[in-house]
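Below are the chains, spelled out letter by letter.
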Amino acid sequence: MNPTSKPKVAFYWCASCGGCEEAVVDLAEDILNVVEAVEIVFWPVAMDFKKQDLEAMPDRAIAAALVNGAIRTSEQEEMVRLLRRKSQCLISYGACAQLGGIPALANQFEREEILRYVYQEAPSVINNSGTYPQPATPHNGDTVTLPAFRNSVRALDQVVEVDYYIPGCPPTPALTKAALDALLAGRLPPRGTVLAPDVALCEQCPRLESKPKDLSLDAFQRPHRTALDPEKCLLAQGIPCMGPATRSGCEALCIKGNMACTGCFGPTSRVLDHGAKILSCFASALAPKEPQGIDQALAGLPDPVGTFYRYSLARSLLRRKRGPSQTQHFIRGNPP
Amino acid sequence: MRTPRPDQVRIGFYICHCGTNIAGALDVGEVVNHVAGLPGVALARDYKYLCSDPGQELIQHDIRDHGLNRIVVAACSPLMHERTFRRAVEEAGLNPFYCHMVNIREHDAWVHTDRQEATAKAKALATGAVRRVALHKPLETKKVPIHGEVLVVGGGIAGIHAALILADAGKRVYLVEREPTIGGHMARFDKTFPTLDCAACILTPKMSAVGAHPNITLWTYSEVTQVEGYVGNFNVTVTRKPRYVIEDACTGCLQCIEACIYHDARFPDEFNLGLGKRKPIHLPFPQATPPVVLIDPGTCIEFKTGKCKKTCVEACADRRAIDFQQREETRQIQVGTIIIATGFQTFDPRRIPYYGYGVFPTVYTALEVERLLNAAGPTGGEVILRNGKPPQRVGIVHCVGSRDENTNRYCSRVCCLYSLKLAHLIKEHTGAEVYNFYIDIRTPGKGMEEFYNRVAEEGMHLVRGKVADVYPDPADPANGRLMLQVEDTLMGRILKVPVDMLVLSVGLEPRADTQEVRRKFNLCCGPEGFFLERHPKLAPVSSYAEGVFLAGCCQGPKDIPDTVAQAGAAAAQALALIVRGYTEQEPNTAYVREEDCSGCKSCIPLCPYTAISLAADKQKAFINEALCKGCGVCVAACPSGSIGQNLFEDEQLLSEVEGVLTYA
Amino acid sequence: MSVATPILPMREASGASSAGLHRPRRVTIDPITRLEGHGKIEIFLDEKGNVERAFMQVPELRGFEVFSRGRPAEDMPQITSRICGVCPTAHHLASTKTLDDLYQVEPPPAARKIRELVYNTFMLEDHALHFFVLGGPDFVVGPDAPPQQRNIVGLIQKVGLDAGRKVIGMRRRLRDLIAYFGGKVVHPVLGLPGGVSKALSPQDLPGFQQLAQDSLEFALWTLQVFKQAVLANPEYVKLITAEAYTHKTCYMGMVDEQDKVNFYDGKLRVVDAGGREVCRFAARQYLDHIAEHVEPWSYVKFPYLKDRGWKGFVEGVDTSIYSVAPLARLNAATGMATPPGPGGLRGILHDPGGETGPPHTGQPLGANY
Ligand SMILES: Cc1cc2nc3c(=O)[nH]c(=O)nc-3n(C[C@H](O)[C@H](O)[C@H](O)COP(=O)(O)OP(=O)(O)OC[C@H]3O[C@@H](n4cnc5c(N)ncnc54)[C@H](O)[C@@H]3O)c2cc1C
Ligand code: SF4
Ligand code: SF4
């Protein structure tokens, strides 16, 4: 087959860990079929194409670009804009691109606070000269440049338009394969769809039956402080499980590992703010009704933001910590 | 994405002046101009009184002439006129739920003083409403049948009166009373103001009528423990405490009391507020209804040791009414409407320590004095002090626990009058000098001022002033006499008045378990803690829970005439519902999108109306529309956003919020 | 980030751009490819075309050290694994072991074995990934092959579809084992202070025993591929042993009591380029021995040996720079704890040319095998 007649596919990563790349490699035997069916034109982790190669392509030359990772730097912005321009279909791959992911937890801190800690205050750092990474460093009349570090971590669709989302931290091979198959066969759902079941995890969970009708939570447990019954619903054991609020499609893998769902598949399409939703669900299920008892129960949840917005802070209504001088339109405005 | 195509939606916007109520506080013209320019708005007008017939007709004509298909009315609270405008819109051929109200009176005009800001707020609210109404869907009001049975909670004069009216109308009434007998506070009084007729003479016939009425199921010594369901279909659980006497077997002969191993009555008697004594087996008072004795397991020897000779059982003989094994029982009933008549409690004067109640034996509450005056009371109607002597000088302090910043700020309404009544009766019984210390004498109501004049003329001392201190007579601390220090504010001097009986006119308070009852029946409470009526003037006996009505002092302090009037009104309202036979169900119900539901069960225990169940075959939640009241609890809690609610769809609410914010 | 250095000879670096002739030539490689992590390389050449200075820049910062604060300790294994999704198991277990230390709990023997099983399995499959997907294509497909082919696809074409299937199938089975205990293979969830979240069920044991057997065969086969593709080719051997590809730094690796390699537990041992021990410490003492240096041209910090102080980017026995990962691990140890496999695992790495190579080498080309 003439390689150029095959649909072109690109993979790229922004603020991510590479787990999404692994997830593609984890297609295992199926990757051979993918490789057979498409022409991969860009994939830094596995192939030697450079940015220039991408720039040289005509606009919309790429059938689909799968981008993982959140957006923090000017370079990431440029790259995703470039990919958007070159691609007919831009797919957000994984939790970081879709929701901000773990890197978006940094939105609880101001930009300056982050830089100060990382390069100055962290106990491992010795930096008497007060050096910080600079946008431009002179070298013999030349300059070595670094991209700008923005105020906040953003999800992909807060920077460019996204056609589809494949959720997960990372997505499963099965979902990836289904998405690629649908793409190749041209049977994609309406734009903007998250390519995973739109039902919460409990439905897929092998422990659903043991979930009682009335949870009546009087305390939250921490997983290392309690002997976990490997058969019983984790919420019923007091472990904050994000399953009820989290999209399924992950095959309940964490649950099968006997740990609670932490929400990496994000909310269902009907929910605007993942964290707020699970919070309101838990709050409703609390048995104590008076302030003291409620406080006691909540003591088992020492880190609400990290628990409820583990992956979705960038996409939440909270977005990020605001510095006193920075004003930002709260509801729909784009952060700088 | 959320804004519908403007050619589909034609919104008519109307802002009401409400006379000057709204137009006086904000610039209605400016609001009209603003809204007229919003997408989807075909027409915007202001009008003096939109709720008037011509106002409604204006909207109806516009719907026809201008092809409007959505209506926004910016006026008063939807509680007042939502029905009015929905009906008007429906008559003009539109689905009534295409009409939406914005409350710019209570929420805006009445609460702001800055005209410009109030106008800005009205624009913001109107913008939100315009955005929202565009997304409204046609909905249908459903009719739900109503059960004819009525539950009356509380057997004071209010509950008794309501129960009798309904029973006489042929309805089955369940009257649930916590105490062993009905009668409430009134059963403890001797005479009643303003007519000074004997309380027992007017109350006991009604009590026995209740006991004998074939349509009334009377459960005393009982409490409602659970209420489920909704107007027309309440499922009620009543718990009956054991009285260790079988109600149907007891004839009220009282031979058991005679025969009790305790020869003398030696335990403080609850009905007489501890002023008298009773035996372990007792009847609260001679006319108690039902006339069924009860055993207090706390004092009965059989209960304490299991070794009593049980002379009571012997005396009961063949009737075999005494049953030491009796257990708490529960009863399930289904009723269509509920009347709450749980009354009040009197203020505990220990909370104001300087009156010395509980410290000096000669300080009494008014209610205790009622018992002393009562011929069936502990002293056989003689006013004698704890030392056995009749008082010669009696002080009555008004407003104890009323009109007081530190306790209750409100006026308890009956204390002035019952104080005058007690002053009169004490004087009549003992010939003592009686001093009334008052802040103001309040005597509204039919015959009350006349009653005041009559008593005042009897030679009462009326001192306008607050008692500031009460202390034993320093001259002779042993004689039990108390000195009252009062500033007579009319004469402008400090008085020291020696008395040998001090009566505290305690105020009326919400019962201690009010919050519990409120939760059980989904009621609301006002700032003083009494149950809140739906509207102080227009719906004074309706509560915020549909099909649940309020009667008597549980809604606020009042005298017996008002209590009885209100009880009658509550009975009439219940009857009106029953006679109509159905209620209209607001279609703002919640529904589960089955294909979206994960079966996580989070919603099931939350519904206060138990409308949600798990369809076992499908493992999906299911909402019984007839039970849903549209409270929205499940919608908020559903963690996967799989429950929607008519009229409160996410997109409607978010558009509304966005509309408000885009303007703001 | 796995440490790998691209071996692309500069003359054919795709994306290389040159500035005007009057200036030193500048070569930009952006992005660096076939390794986990974001990077860019700027190389400045002098008049003669020799490298005057090179910058390996990391153009991003996520800030784990900041946003990990405020999180419950027990969440750290799952959060730190997001540092790298290619080696999440390493971060996950490092964090888990820190929790043991924090709570002062020893995992029971079964839990420890499960952790070791998972970690060693990860070691195997991750190295297979590197060899076949990330670094290996350079050799197997060949350094002179066009860049479009120097990747897993080209590698499969070279070694044959069956061999490709064998690699992929083996990695899948190994990764399934990790998932069995860890729930997910990328970002596992098994680590808890003092133990693991899930036990091994006896009926699954035979399957895993078979897997162990097959893995050994797979490793030997891989070795064979390596020998044939790399060692049998004198060009490559010359390339990878060339001075230009040798870094003389200190080396850090984890060792057991006998100074043998241990992946899961032990002390960290650092040796200099001459093989002499520089220090040896428990993980919890890392702050006494390791510090981080900041440069203005990269967001990534540069760890170095604290005792020696930051001496700049210099090589030699005195440098404060140290390497980690497979080659360094071997250099820092006196050998493997298990008997060498047939064919002498140690041999290839320490002496690609024969059985008598120097005891310590710094060839980064071998760094990840
Ligand atoms: C000292 C005093 C003197 C007064 N004198 C006069 C007077 O002369 N003339 C006059 O017009 N008014 C007088 N009043 C006012 C009068 O007492 C009230 O208007 C009247 O008693 C109100 O009746 P009610 O049925 O609302 O409440 P209540 O009499 O309090 O009856 C409520 C009943 O409900 C029962 N109950 C409460 N909670 C529950 C529950 N959860 N479940 C079941 N049952 C429950 C109670 O046991 C009680 O039997 C006087 C008030 C006081 C304090
Ligand atoms: S709450 Fe968690 S453990 Fe329980 S059924 Fe849902 S997903 Fe499973
Ligand atoms: S909205 Fe939900 S919780 Fe509220 S009444 Fe309806 S079903 Fe019950």
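A brief report on the enclosed structure follows. (Residues numbered from 1 in each chain as written. Chains lettered and ligands numbered in written order. Predicted model: local features only at pLDDT ≥ 70, side-chain atom pairs only at ≥ 80, totals over all residues. Heavy atoms only, no water.)

With that out of the way, let us pick up the overall build of chain A. On a plain count of helices and strands, chain A comes out with 11 helices and nine strands. Its C-alpha radius of gyration of 22 Å places chain A within 12% of the 20 Å reference for a compact globule of 336 residues. If one aligns the C-alpha atoms of chain A with their principal axes, the spans along those axes are about 65 × 55 × 35 Å. The 336 residues of chain A split such that 62% are buried. Of the contacts made within chain A by residues no fewer than 6 positions apart, 73% connect residues no fewer than 24 positions apart. For chain A, the accessible area works out to roughly 12,500 Å², and carbon and sulfur atoms hold 53% of it. Seen as two clouds, the 35 positive and the 35 negative side-chain charges of chain A have centres 5 Å apart. (Helix = DSSP H or I, 4+ residues; strand = E, 2+ residues; numbered from the N terminus. Rg over C-alpha atoms; globule rule 2.2 N^0.38 Å. Buried < 20%, exposed > 50% of the residue type's maximum accessible area, 1.4 Å probe, protein only. Contact = heavy atoms within 4.5 Å. Areas by Shrake-Rupley, 256 points an atom, 1.4 Å probe, with all protein chains shown as cover. Lys, Arg positive; Asp, Glu negative; His and termini not counted. Charge placed at Lys NZ, Arg CZ, Asp CG, Glu CD.)

The helix and strand tally for chain C stands at 12 helices and 13 strands. Out of the 369 residues belonging to chain C, those deemed buried represent 56%. Pairs at least 24 apart in sequence give 54% of the contacts found in chain C among residues at least 6 apart. Here chain C displays about 15,800 Å² of accessible surface, and carbon together with sulfur accounts for 57% of that area.

So, about helix H17 (residues 650-663) of chain B. Think of an α-helix as turning once every 3.6 residues; residues three or four places apart then point the same way. Given a rise of 1.5 Å per residue, 14 residues ought to cover 20 Å, and the 20 Å separating the end C-alpha atoms of H17(B) matches this to within 8%. Where H17(B) is buried, its residues contact helix H5 (115-133) of chain B. (Expected span 1.5 Å × (residues − 1).)

Facing the 24 residues of chain A at the interface are 28 residues of chain B. A combined buried area of about 1,900 Å² lies between chain A and chain B, and 55% of that area is made up of carbon and sulfur atoms. Of all residues in chain A, A:Lys213, A:Arg270 and A:Lys277 bury the most surface against chain B, accounting for 32% of the area lost on that side. Between the two partners, chain A and chain B, sit two salt bridges. B:Lys620 is the partner of A:Glu203 in a salt bridge, and the nearest nitrogen-oxygen pair spans 3.0 Å. Between the two partners, chain A and chain B, sit 14 residue pairs in polar contact (both at pLDDT 80 or more). (Buried area = accessible area lost by both parts, 1.4 Å probe. Salt bridge = Lys/Arg side-chain N within 4 Å of Asp/Glu carboxyl O. Polar contact = N/O pair within 3.5 Å; in protein donor to acceptor, adjacent residues only side chain to side chain.)

So, about the site of ligand 3. Every one of the 14 residues lining ligand 3 counts as a neighbour, but B:Cys607, B:Cys628, B:Cys631, B:Gly632 and B:Cys634 are closest to it. Here the residues of the shell around ligand 3 sort into 11 nonpolar, two polar and one charged. (Near = heavy atom within 4 Å. Nonpolar A, V, L, I, M, F, W, Y, C, P; charged D, E, K, R; others polar.)

Another point: the site of ligand 2. Near ligand 2 you find A:Cys202, A:Cys205, A:Leu208, A:Cys233, A:Leu234, A:Leu235, A:Cys241, A:Gly243, A:Pro244 and A:Ile255, and these make up its full shell. Here the residues of the shell around ligand 2 sort into nine nonpolar, one polar and no charged.

What describes two packed helices is the angle between their axes and the distance between those same axes. Residue and element names in this part refer to chain B. Two elements in contact, helix H11 (residues 366-373) and helix H12 (residues 415-430), have axes whose closest approach is 11 Å; the angle formed by their N-to-C orientations is 35°. Our pair here, H11 against H12, has a crossing hand that is left-handed. On H12, the residues touching Ala 366, Val 369, Glu 370 and Leu 373 of H11 are Tyr 418, Lys 421, Leu 422, Leu 425, Ile 426 and His 429. Broken down by class, the residue content of the contact of H11 with H12 amounts to seven nonpolar, one polar and two charged. (Axes fitted to C-alpha atoms, helices over the stretch in contact; angles between N-to-C directions. Left-handed = near helix turned anticlockwise from the far one by under 90°.)

Bringing the nonpolar core into the picture now. Counting 161 residues, the largest nonpolar core has A:Trp43 and A:Leu156 as the members making the most contacts within it. Among the elements that line this core, the one with the most residues is helix H4 (residues 109-134) of chain C, at 12 residues. For A:Leu156, the residues in contact, after removing those within four places along its chain, are A:Val67, A:Ile71, A:Val80, A:Leu90, A:Ser92, A:Ala97 and A:Val162. Residues B:Leu175, B:Phe189, B:Val231 and B:Ile578 belong to the second largest nonpolar core, which totals 59 residues. (Core = buried A, V, L, I, M, F, W, Y, C linked by side-chain atoms within 4.5 Å.)

This part covers a nonpolar patch on the surface. On the surface, a nonpolar cluster with roughly 410 Å² of combined accessible area is contributed by B:Leu79, B:Met80, B:Leu538 and B:Tyr544. Take B:Tyr544: its relative accessible area is 33%, and that puts it in the partly exposed class. (Patch = residues over 30% accessible without salt bridge, like charges linked within 9 Å, V, L, I, M, F, W, Y side chains within 5 Å.)

All names here are of chain C. Going through the model one piece at a time under the given rule, you end up with 32 aromatic pairs over all chains. When the centroid spacing of 5.9 Å and the interplanar angle of 85° are considered together, the rings of Phe 44 and Phe 55 count as edge-to-face. Remark: Phe 55 occurs in strand E3 (residues 51-57) and Phe 44 occurs in strand E2 (residues 40-45); sequence separation between them is 11 residues. Note on Phe 55: relative accessible area 3%, which makes it buried. Members of the aromatic cluster, connected to one another through ring pairs, are Phe 44, Phe 55, Trp 297, Phe 302, Tyr 304, Trp 310 and Phe 313. (Phe/Tyr/Trp six-rings, centres within 6.5 Å; stacked < 30°, edge-to-face > 60°.)

Attention now moves to helix H7 (residues 161-182) of chain C. Spanning 22 residues, H7(C) covers 30 Å between terminal C-alpha atoms, matching the ideal 32 Å at 1.5 Å per step. Two residues or fewer past H7(C), C:Gly183 is found with a positive phi of approximately 75°.

Residue and element names in this part refer to chain C. The N-to-C vectors of H4 and helix H8 (residues 205-231) enclose an angle of 25°; their axes lie 12 Å apart at closest approach. On the basis of the axis angle, H4 is roughly parallel to H8. When the axes of H4 and H8 are compared, the crossing they make is left-handed. Mapping the contact onto sequence places Leu 124, Ala 128, Phe 131 and Phe 132 in H4 and Ser 215, Phe 218, Trp 221, Thr 222, Val 225 and Phe 226 in H8. In terms of residue class, the contact of H4 with H8 is made up of eight nonpolar, two polar and no charged. (Parallel < 35°, antiparallel > 145°, perpendicular 65-115°, else oblique.)

This next bit is on a positive patch on the surface. On the surface, a cluster of positive charge is made up of B:Arg83, B:Arg87, B:Lys143, B:Arg534 and B:Arg580. B:Lys143 gets classed as exposed once you look at its relative accessible area, which sits at 56%.

Let us look at the sheet that holds strand E1 (residues 11-16) of chain B. All names here are of chain B. Strands sit in the order E2-E1-E3-E4 across an open sheet of four strands; the sheet is parallel. In this open sheet, the two edge strands, each paired with only one partner strand, are strand E2 (41-47) and strand E4 (99-103). Taken pair by pair, the neighbouring strands of this sheet meet at an average axis angle of 15°, ignoring direction. Bridge count for E1 against E2 is six bridges, and the pairing is parallel. Note that in E2 the partner of Ile 15 across the bridge is Asp 46. Docked against the sheet, helix H2 (residues 53-66) engages E1, E2 and strand E3 (70-75), running at close to 165° with respect to E2. (Pairing = 2+ DSSP bridges.)

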